[in-house]
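The chain contents come next:
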Amino acid sequence: MAGAVDCFAKKGFYGTTTHEIADWVGISQPYLYRLYPNKEALFAAVVDHVSVVMTDTLIAHAPAAGGAGSAPEGALDAARGAYAALVTDRGILRFLMHANCATGEPLVAQAVRRCYAKQVDTVRQLLGDDDAVRRWFGAGMLDNVVAVLGLADIDEPWAHVLTAR
C-alpha cells in the first residue's frame, strides 16, 4: 500500500492512472484490477491503510497509563509527537490532502469519513476532551499546509505567521 500512497500523493485520485499505480507497485494493470474492481475502490483502500498508519503512530506515541505523561499535557505532547512523526512523511500528508479533495467519489468519501472517525476516537482517548481534539485537528491541518508547502524554508513574513516563527 505504501507504493500506492506515494503514487497517489503525487497527482491525486483524478490525475493518477491505474497504469501508473501498477507500474509504481510493480504489478500488471490486469492484476491490479483482480485486486480492486476500480480505481475508486483502490483509492479507498489506500485511505483505509493510511488511517491504520495514523492510528498506529498515535498509539505508539501515547504515554503509558498511569505514568508521568498521563496528565492532559503529557497526552497532548504525545499526540503532537505522533503527528510530528507523521509529518516527516510528506507522501502521507499529500495523499490526505488529495483524499479530502476526492470526496466527490462515494467510496472515497466513505473511506475519508472512516479515517476521520477513527482518528477522532483515537485522539479523544488520548486527550479526553472534545475541545482539545478540535484544537489538535485544527493545528494538524495547519501543520499539513506548512509541511506540504515547505514553509519552514520560506523567509517571508506571511510564511513566518503560519509557521509561528
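Higher on the page you've got the structure.
A brief look at the structure comes next. (Residues numbered from 1 in each chain as written. Predicted model: local features only at pLDDT ≥ 70, side-chain atom pairs only at ≥ 80, totals over all residues. Heavy atoms only, no water.)

## Some thoughts on the overall build of the protein
So the rule is basically this: Only DSSP runs of H or I reaching four residues or more are called helices, and only runs of E reaching two or more are called strands; each is numbered from the N terminus. Three labels apply to residues, based on accessible area from a 1.4 Å probe with only protein chains included: buried if under 20% of the type maximum, exposed if over 50%, partly exposed otherwise in between. Whether two residues are in contact is decided by their heavy atoms, any of which lying within 4.5 Å being enough. For the accessible areas, the method is Shrake-Rupley and the probe is 1.4 Å, while residue cover comes only from the protein chains on display. His is not counted, nor are the chain ends; Lys and Arg add positive charge and Asp and Glu add negative charge. By convention, the point assigned to a charge is CZ for Arg, NZ for Lys, CD for Glu and CG for Asp.
Secondary structure assignment for the protein yields nine helices and zero strands. N-terminal to C-terminal, the α/β element order of the protein is α-α-α-α-α-α-α-α-α. The burial tally for the protein puts 39% of its 165 residues in the buried class. In the protein, the proportion of contacts linking residues at least 24 apart, taken out of those at least 6 apart, comes to 58%. Of the roughly 8900 Å² that the protein leaves accessible, carbon and sulfur atoms contribute 58%. With 14 positive and 18 negative side-chain charges, the protein shows a spacing of 4 Å between the two charge centroids.

## Overview of the nonpolar core
The test is simple: Definition used in this section: a nonpolar core is a set of buried Ala, Val, Leu, Ile, Met, Phe, Trp, Tyr and Cys residues joined via side-chain atoms within 4.5 Å.
The biggest cluster of nonpolar side chains holds 42 residues, and the ones touching the most others in it are Phe-43, Val-47, Phe-95, Leu-127 and Trp-136. Among the elements of the structure, α1 (2–15), α2 (18–25), α4 (39–60), α5 (72–87), α6 (90–101), α7 (106–127) and α8 (130–149) are those that each provide at least two residues to this core. With eight residues, the single largest contributor to this core is α4. Filtering out sequence-adjacent residues up to four positions away, Val-47 remains in contact with Phe-95, Ala-99, Ala-111, Val-112 and Cys-115.

## A closer look at α8
The test is simple: Under the convention used throughout, the expected extent of a helix is 1.5 Å for every residue step, that is, one less than its residue count. Contacts described as polar in this section are N or O atom pairs within 3.5 Å, which, within protein, must combine one atom able to donate a hydrogen with one able to accept it, while residues neighboring in sequence count only if both atoms come from side chains.
The first and last C-alpha atoms of α8 sit 29 Å apart over 20 residues, in line with the 28 Å expected at 1.5 Å per residue. Two to three positions downstream of the cap, the backbone nitrogen of Asp-131 sits 2.7 Å from a side-chain oxygen, assigning the N-cap of α8 to Asp-129. Once α8 finishes, Gly-150 follows within two positions and takes phi at roughly 65°, a positive value.

## Regarding the packing of aromatic side chains
Formally: To pair, rings of Phe, Tyr and Trp, with the six-membered ring standing in for Trp, must have centres within 6.5 Å; the planes then decide the type, stacked if under 30 degrees apart, edge-to-face if over 60, and tilted in the middle.
In this structure the tally under the stated criterion is seven aromatic pairs. Taken together, a centroid distance of 6.2 Å and an interplanar angle of 35° make the contact between Tyr-116 and Phe-137 tilted. With Tyr-116 in helix α7 and Phe-137 in helix α8, this pair connects stretches of sequence that are 21 residues apart. On the basis of relative accessible area, Tyr-116 is assigned to the partly exposed category, the value being 30%. Grouping aromatic residues by their ring pairs yields a cluster made of Phe-8, Phe-13, Tyr-14, Phe-43 and Phe-95.

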